[in-house]
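This is what each chain is made of:
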Amino acid sequence: MSLTRNAGATAAQARNSRWLELLTRAGFIGYGIVHLLLAWLALQIAFGNSGEEGNQNGALRTLGEQPLGKFLLIAMAVGLFAMAIWQAFEAISGHVSRTGKERLFERIASVVRVVVFVWLGWTAIKVFQDASSNASDQQQQLSEKLMASDGGRWLVGLAGLALAALGIGMVVYGLKKKFERNLKTGEMSPKTRQLTRRLGMAGYASRGAVFAIAGLLIVVAAVNYDPEKARGLDAALRTLRDQSYGPWLLALMALGIAAFGVYCFFQSRYRKV
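Residues numbered from 1 in each chain as written. Predicted model: local features only at pLDDT ≥ 70, side-chain atom pairs only at ≥ 80, totals over all residues. Heavy atoms only, no water.

A. Here's a closer look at the overall build of the chain. The number of helices and strands found in the chain is ten helices and zero strands. Each of the 273 residues in the chain was classed as buried or not, and the buried ones make up 49%. In the chain, of all internal contacts separated by at least 6 residues, the share reaching a separation of at least 24 is 74%. Roughly 14,000 Å² of accessible area belongs to the chain as shown, and the carbon and sulfur atoms make up 65% of that amount. (Helix = DSSP H or I, 4+ residues; strand = E, 2+ residues; numbered from the N terminus. Buried < 20%, exposed > 50% of the residue type's maximum accessible area, 1.4 Å probe, protein only. Contact = heavy atoms within 4.5 Å. Areas by Shrake-Rupley, 256 points an atom, 1.4 Å probe, with all protein chains shown as cover.)

Here it is in structure tokens:
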């Protein structure tokens, strides 16, 4: 018990580092840029003009091709790793304003965010190094290997269900405006609070819908032994495009993803860190 308390105290102290806070707030700006680029790629996919992956990997590659892109990739990686460290501390000793199951849920969510931020930061570094690997192809190859056995297909199916559940949870989280609990709303003007609320609702709902579709596609891929469909966000966006009115639905979803990108800029200023 003493070791646990000491670890928690150390994490709480590190979490209050001024440098970690500044890097984390910078990370939110980078995270917002990634989503704005992802929204642009989604629009390109909607109207058939994109040869790039419709996921975070494709967004980072697009950024790397711009003037000062290499510098921005490294700066973004530093910020994302800082966000991962912050969320790791939150998982260990944070969310003290919550109690019981609610705190447990928030700490589990922090663990998920750690994985996401580390993965994005590492992807930014790989893109900086001009790695030519295609994330969607890698995911498809991994799915093929896992589906070689019945146990692997179950594992892929469970991963798809988890991703779909995460997406649905994200939609609920946004529509119920639960994200406002993590913002310094008292420091906002009424207009800023209203704008931030609308951006957060649209952003979380759109991201959640894409994740839910991606998860369901992975489940279908596991059931039908079709690794081609187990390609995450890129497959989800392209599948949506191919439906009736799909391009316009995808364009609407792209606007929601862009809204989340702008919301991240407000998080950089008002997020409780």
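B. Region of the structure containing the UniProt feature "transmembrane region" (unreviewed entry) in the chain. Taking the numbering used here, the UniProt-annotated feature "transmembrane region" (unreviewed entry) corresponds to residues 28-48, 68-89, 110-128, 154-175, 204-225 and 245-266. Structurally, residues 28-48 is divided into 90% helix and 0% strand, and its ends, taken at the C-alpha atoms, are 30 Å apart. Between the C-alpha atoms that bound residues 68-89 there is a distance of 32 Å. The span itself is 95% helix and 0% strand. (UniProt positions renumbered as here; feature names shortened; annotations may be inferred.)

C. Spotlight on the nonpolar core. Counting residues in each nonpolar core, the largest one holds 58 residues, and the members touching the most others are Tyr-31, Leu-60, Leu-80, Tyr-204, Val-210, Leu-250 and Tyr-263. Each of two domains, domain 1 (49-133) and domain 2 (134-266), supplies a minimum of three residues to this core. Those residues within four positions of Leu-250 in sequence are excluded, and the remaining contacts are Ala-42, Ile-45, Ala-46, Leu-237, Leu-240 and Arg-241. (Core = buried A, V, L, I, M, F, W, Y, C linked by side-chain atoms within 4.5 Å. Domains from an automatic or database assignment.)

D. Broad picture of the packing of helix α2 (residues 18-46) against helix α3 (residues 56-64). Two numbers describe how α2 lies on α3: the axes approach to 8 Å, and their chain directions differ by 100 degrees. Accordingly, the angle class assigned to the pair α2 and α3 is roughly perpendicular. The segment α2 lies against α3, with Ile-33, Val-34, Leu-37, Leu-38 and Leu-41 engaging Gln-56, Gly-58, Ala-59, Leu-60, Thr-62 and Leu-63. Tallied by class, the residues present in the contact of α2 with α3 amount to eight nonpolar, three polar and no charged. (Axes fitted to C-alpha atoms, helices over the stretch in contact; angles between N-to-C directions. Parallel < 35°, antiparallel > 145°, perpendicular 65-115°, else oblique. Nonpolar A, V, L, I, M, F, W, Y, C, P; charged D, E, K, R; others polar.)

E. Just unusual backbone geometry, in detail. Even without being a glycine, Lys-177 presents a positive backbone phi close to 60 degrees. Within the secondary structure, Lys-177 sits in the loop between α7 (150-175) and α8 (190-224). For Lys-177, a relative accessible area of 31% translates into the label partly exposed. Here the phi dihedral of Tyr-245 falls at roughly 60 degrees; this positive angle occurs in a residue that is not glycine. Along the polypeptide, Tyr-245 turns up in the loop between α9 (232-241) and α10 (246-270). We classify Tyr-245 as exposed; its relative accessible area is 68%.

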